[in-house]
Amino acid sequence: MDRLTNTIRPYAWGSTTAIPHLLGAEPTGEPQAEMWMGAHPGAPSRIDRGAGEQALSDVIAADPEGELGAATVAKFGPRLPFLLKVLAAGAPLSLQVHPDLAQAKAGFEDEERRGIPVDAAHRNYKDPNHKPEMLCALTPFEGLCGFRPPLHSAELLEGLGVGSLKPYADLLRAHPEDAALREVLTAVLTADREEMARTVAEAAAAAERLGGPYAPYAHLVHDHPGDPGVIAAMLLNHFRLQPGEAVFLGAGVPHAYIDGLGVELLANSDNVLRAGLTPKHVDVPELLKIVKFESGDPHVLRPEGDGEEVYEAPIDEFRLSRFLLAPGAAPRVLPADAAQILLCTAGSPRVGELSLAPGESVFVPAGEKAELSGTGTVFRAGVVV
């Protein structure tokens, strides 16, 4: 097994303190948004097997079946199917949605055919893969996920008492769910920018004054003044997770994380279609092809099982579980049928001969026995084969 050296991404929305606190390091004053663990080409973890550091992606590419297991390669291809992160939101992330597998393949092939550079600011599809994801809270965690029922959104907008929001509320009441949500999101994102900026300012002032269910949306405008995504966000459910709770986000579900520290596990992709709360490119026509215009409550997941606590999800590319290792407990031997990454978030557990501190992680190749011992909390990322 290999101790991982990981990259921390300094996105502007990142907390300046949460990841340093987890790692027991001094904050630098700069945002530290995500720590990536895996083999994504954007920031692969590094390992050292005695000949100097190598990117985990290169090690896997040199021997996919040896590192990942034959069943994993047969099912998902010759690359690690998942990416594990520690995510630290100090400000709202962009309001976004991810494509399903067919949409990702079609979109990627289209942009490749049109010669759009993969690092271009207006590129939507960086790879041909989908990006379902799961977020498990390490601290109280706040976010937005999925559409409210249209009538609930209409009531929320009307309660602000902002005249320019009335046409949106009327549309939400006048049509069936799919059409109502589609028409209102389209209208918000294509409205005149100056008029929308005034609407956002009025809505934010009202939300600040009213508090209660409006408080999360007042918070958004501090970081994104005038952004139409503030109004679009009011169409979504607000959720709060306690430590140990999780949410799963499938294709087409609009969402945004607002605040908190969590473990995120996702398919190995970087495909994002944005709807607002960002200075980055927003491709409204493409976004509208991807969004699922249906309401639904965020389904809060709690781990199930004795010993290894599993967060169930309808996806095979990744499987997230958690071990709470108590003093004096017998060591736990993990299956060796596929590659896995183990992340310590508390205590001082051991994986074989390697001791881990909070924030440290190891890659365990397929076929290698991994035994957990000691005390602390360890998250396990693997696949279903």
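Cut-offs used in this document
- Residues numbered from 1 in each chain as written.
- Predicted model: local features only at pLDDT ≥ 70, side-chain atom pairs only at ≥ 80, totals over all residues.
- Heavy atoms only, no water.
- Helix = DSSP H or I, 4+ residues; strand = E, 2+ residues; numbered from the N terminus.
- Expected span 1.5 Å × (residues − 1).
- Buried < 20%, exposed > 50% of the residue type's maximum accessible area, 1.4 Å probe, protein only.
- Arc of directions from axis to C-beta.
- Contact = heavy atoms within 4.5 Å.
- Polar contact = N/O pair within 3.5 Å; in protein donor to acceptor, adjacent residues only side chain to side chain.
- Pairing = 2+ DSSP bridges.
- Axes fitted to C-alpha atoms, helices over the stretch in contact; angles between N-to-C directions.
- Parallel < 35°, antiparallel > 145°, perpendicular 65-115°, else oblique.
- Left-handed = near helix turned anticlockwise from the far one by under 90°.
- Nonpolar A, V, L, I, M, F, W, Y, C, P; charged D, E, K, R; others polar.
- Salt bridge = Lys/Arg side-chain N within 4 Å of Asp/Glu carboxyl O.

A look at helix H9 (residues 193–210)
Helix length check: H9 (18 residues) gives 25 Å between terminal C-alpha atoms against 26 Å at 1.5 Å per residue, within 8%. Among all positions of H9, only Met196, Thr199, Val200, Ala203, Ala204, Ala206 and Ala207 are buried. Buried residues in H9, looked at end-on, bunch into an arc of 165°, giving them a common side. With respect to the buried face of H9, the exposed residues turned more than 90 degrees away are Glu194 and Arg209. On its buried face, H9 is in contact with helix H7 (166–174), helix H8 (177–190), helix H10 (215–223) and helix H11 (229–233). Taking the backbone nitrogen of Glu194 as reference, a side-chain oxygen 3.1 Å away marks Asp192 as the first, capping residue of H9.

Quick word on the sheet that holds strand S19 (residues 350–351)
Spatial strand order, S17-S22-S19-S20: four strands in an open sheet with antiparallel pairing. Two strands lie at the open edges of the sheet, namely strand S17 (332–334) and strand S20 (354–355), each paired on one side alone. Here S19 runs beside strand S22 (residues 370–373); their pairing, made up of two bridges, is antiparallel. Within the sheet, the bridge partner assigned to Arg350 lies in S22 and is Ser373.

Considering the packing of H9 against H10
The geometry of H9 relative to H10 is characterised by a closest axis approach of 8 Å and an angle of 135° between their N-to-C directions. With respect to each other, H9 and H10 are oriented oblique. Note on packing geometry: the crossing formed by H9 with H10 is left-handed. Counted together, Val200, Ala204, Ala207 and Glu208 of H9 and Ala218, Val221 and His222 of H10 form the full contact between these two elements. Its residues assigned to classes, the contact of H9 with H10 comprises five nonpolar, one polar and one charged.

Focus on the sheet that holds strand S1 (residues 2–3)
Pairing is antiparallel in the open sheet, where six strands are placed in the order S1-S21-S18-S23-S16-S15. On the outer flanks of this sheet lie S1 and strand S15 (308–311), each paired with one strand and no other. Taken together, the four bridges between S15 and strand S16 (residues 319–325) define a ladder with antiparallel strand orientation. Across the sheet, Glu309 pairs through a bridge with Arg322, a residue of S16.

Quick word on the pattern of salt bridges
Any two side chains of opposite charge can pair, so long as their charged atoms come close to each other. According to the stated counting rule, one finds 18 salt bridges in the structure shown. With a shortest N-O distance of 3.0 Å, Glu111 and Arg123 are connected by a salt bridge. Taken together, the residues Glu111 in helix H5 (residues 101–113) and Arg123 in the loop between H5 and strand S8 (133–137) connect sequence positions 12 residues apart. In this structure, Glu111 and Arg123 share a single accessibility class: buried. Each of Asp2, Arg49 and Glu67 takes part in a single network of salt bridges with overlapping partners.

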